[in-house]
Amino acid sequence: MDPFDRWERQVWAGSGAAYAAGLARLCAFPVPRLLAASGVSAGDAALDVGTGTGAAAGGLRARGASVVALDAEPDMAARAADALRQAPVLVGALPELPFRSGVFDAAVANFVVNHVARPGAALREMRRVVRTGGRFAATVWAAPPAAGQALVGRALDEAGAGERPRLAEREEFARTEEGLRELSYAAGFSDVRCTTLRWTHRTTHAEWWGAQAAGVGSTGHALRAQPRAVQEEAQHAFVRLSRRFAAHGGELALPHAAVLVSGRA
Ligand SMILES: C[S@@+](CC[C@H](N)C(=O)[O-])C[C@H]1O[C@@H](n2cnc3c(N)ncnc32)[C@H](O)[C@@H]1O
């Protein structure tokens with residue numbers, strides 16, 4: 001397995017409850033826009049790849065679609081299965097999907113393509129399982145990141161909490177509208193549209209650092225691998241750096257940005 005994919009498997013292993021408690025709410029923000037861009041309507045067969053705890057899959061079902069969900073992490077798949085009673089939820093990993101070609105009317109992936117060692121191959125695989133004329137929609141975190149999005153990474157960097165693995169150079173793509181457009185056309189989609197979504201996520205110090213301390217996501221996983229003294233230093237840096245995001249009532253107001261891409265198969 002590619003070292004990046006191996007790292008990602010470790011990042012998400014057993015993290016369903018901790019993800020549901022914090023980061024899931026952040027990732028849920030673009031879901032309505034993602035669903036609208038997917039064009040899914042009643043009676044469609046729709047796939048949610050990297051479903052996590054099932055937010056996008058639930059939204060697809062609310063639109064009347066017949067939903068299949070899939071995640072690389074068994075704990076996430078189990079949680080999604082609980083939330084999506086009666087919908088099939090599979091364990092599987094991009095860039096390989098366990099479906100015949102052209103069986104879906106649409107496929108979506110909310111903050112998943114940025115967790116795959118071969119993003120181009122992942123989009124080609126999503127293209128393969130969607131029928132010609134069907135649609136896909138995906139989000140990735142924008143880069144350079146919005147200020148609130150960069151907060152935890154900066155705290156880790158200040159504490160010397162180590163490098164997070166990067167994609168192989170040949171697999172890198174610009175996390176911009178242009179970069180996603182290029183990647184999607186290269187994967188075989190047409191009529192590709194991209195838009196940048198910007199929003200401010202309201203949270204608290206306790207929730208946001210708590211998610212990191214619980215090891216959620218790449219930064220949380222990197223933090224947990226550090227000696228205690230480095231973890232404490234990172235927390236001090238987080239408290240200091242987060243002052244500029246202080247909002248009414250002791251909350252944090254963290255600006256985030258994501259690129260939404262959609263296209264026709
Ligand atoms: C940031 S979470 C997003 C979850 C969900 N889409 C949401 O909006 O809440 C990323 C998810 O992608 C899954 N994942 C990571 N690599 C994957 C891969 N190669 N194939 C499928 N799922 C993957 C993780 O297990 C995790 O559930």
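Residues numbered from 1 in each chain as written. Predicted model: local features only at pLDDT ≥ 70, side-chain atom pairs only at ≥ 80, totals over all residues. Heavy atoms only, no water.

*Asks:* With reference to specific residues and values, describe the packing of helix α8 (residues 147-158) against helix α11 (residues 217-224).
*Replies:* Interaxial distance between α8 and α11 falls to 10 Å at its minimum, and their mutual angle equals 20°. What the angle tells us is that α8 and α11 run roughly parallel. As for how α8 packs across α11, the hand of that crossing is left-handed. Here α8 contributes Val152, Gly153 and Leu156 to the contact with α11, which in turn contributes Thr219, Ala222 and Leu223. Of the residues in the contact of α8 with α11, the class split is four nonpolar, two polar and no charged. (Axes fitted to C-alpha atoms, helices over the stretch in contact; angles between N-to-C directions. Helix = DSSP H or I, 4+ residues; strand = E, 2+ residues; numbered from the N terminus. Parallel < 35°, antiparallel > 145°, perpendicular 65-115°, else oblique. Left-handed = near helix turned anticlockwise from the far one by under 90°. Contact = heavy atoms within 4.5 Å. Nonpolar A, V, L, I, M, F, W, Y, C, P; charged D, E, K, R; others polar.)

*Asks:* Give me the lowdown on the packing of aromatic side chains, citing residues and values where you can.
*Replies:* As enumerated under the stated definition, the model contains seven aromatic pairs in all. Between Phe111 and Trp141, the ring centres sit 3.9 Å apart and the planes meet at 10°, which makes this aromatic pair stacked. Highlighted residues: Phe111 in the loop between β4 (104-110) and α7 (119-129) and Trp141 in strand β5 (residues 130-141), separated in sequence by 30 residues. The exposure classification of Phe111 matches that of Trp141, with both residues buried. Taken together, a centroid distance of 3.8 Å and an interplanar angle of 15° make the contact between Phe136 and Phe189 stacked. Of the two residues, Phe136 sits in strand β5 while Phe189 sits in the loop between α9 (177-186) and β6 (190-204), which places them 53 residues apart along the sequence. Ring pairs connect the aromatic residues Phe29, Phe111, Trp141 and Trp199, which therefore count as one cluster. Taking the ring centre of Phe173 as reference, the NZ or CZ of Arg175 above it sits at 4.3 Å. (Phe/Tyr/Trp six-rings, centres within 6.5 Å; stacked < 30°, edge-to-face > 60°. Buried < 20%, exposed > 50% of the residue type's maximum accessible area, 1.4 Å probe, protein only. Lys NZ or Arg CZ within 6 Å of the ring centre and 35° of its normal.)

*Asks:* Account for the site of the ligand, naming residues and giving values.
*Replies:* Taken together, 18 residues sit near the ligand, with Tyr19, Gly50, Asp71, Leu94 and Asn110 positioned nearest. Between the ligand and the protein, one listed contact pairs a nitrogen atom with a backbone N or O atom of Gly50 at 2.7 Å. In this structure, Asn110 approaches the ligand through a side-chain N or O atom, which is 2.8 Å from an oxygen atom. A breakdown of the residues in the shell around the ligand according to their chemical character gives nine nonpolar, six polar and three charged. (Near = heavy atom within 4 Å. Polar contact = N/O pair within 3.5 Å; in protein donor to acceptor, adjacent residues only side chain to side chain.)

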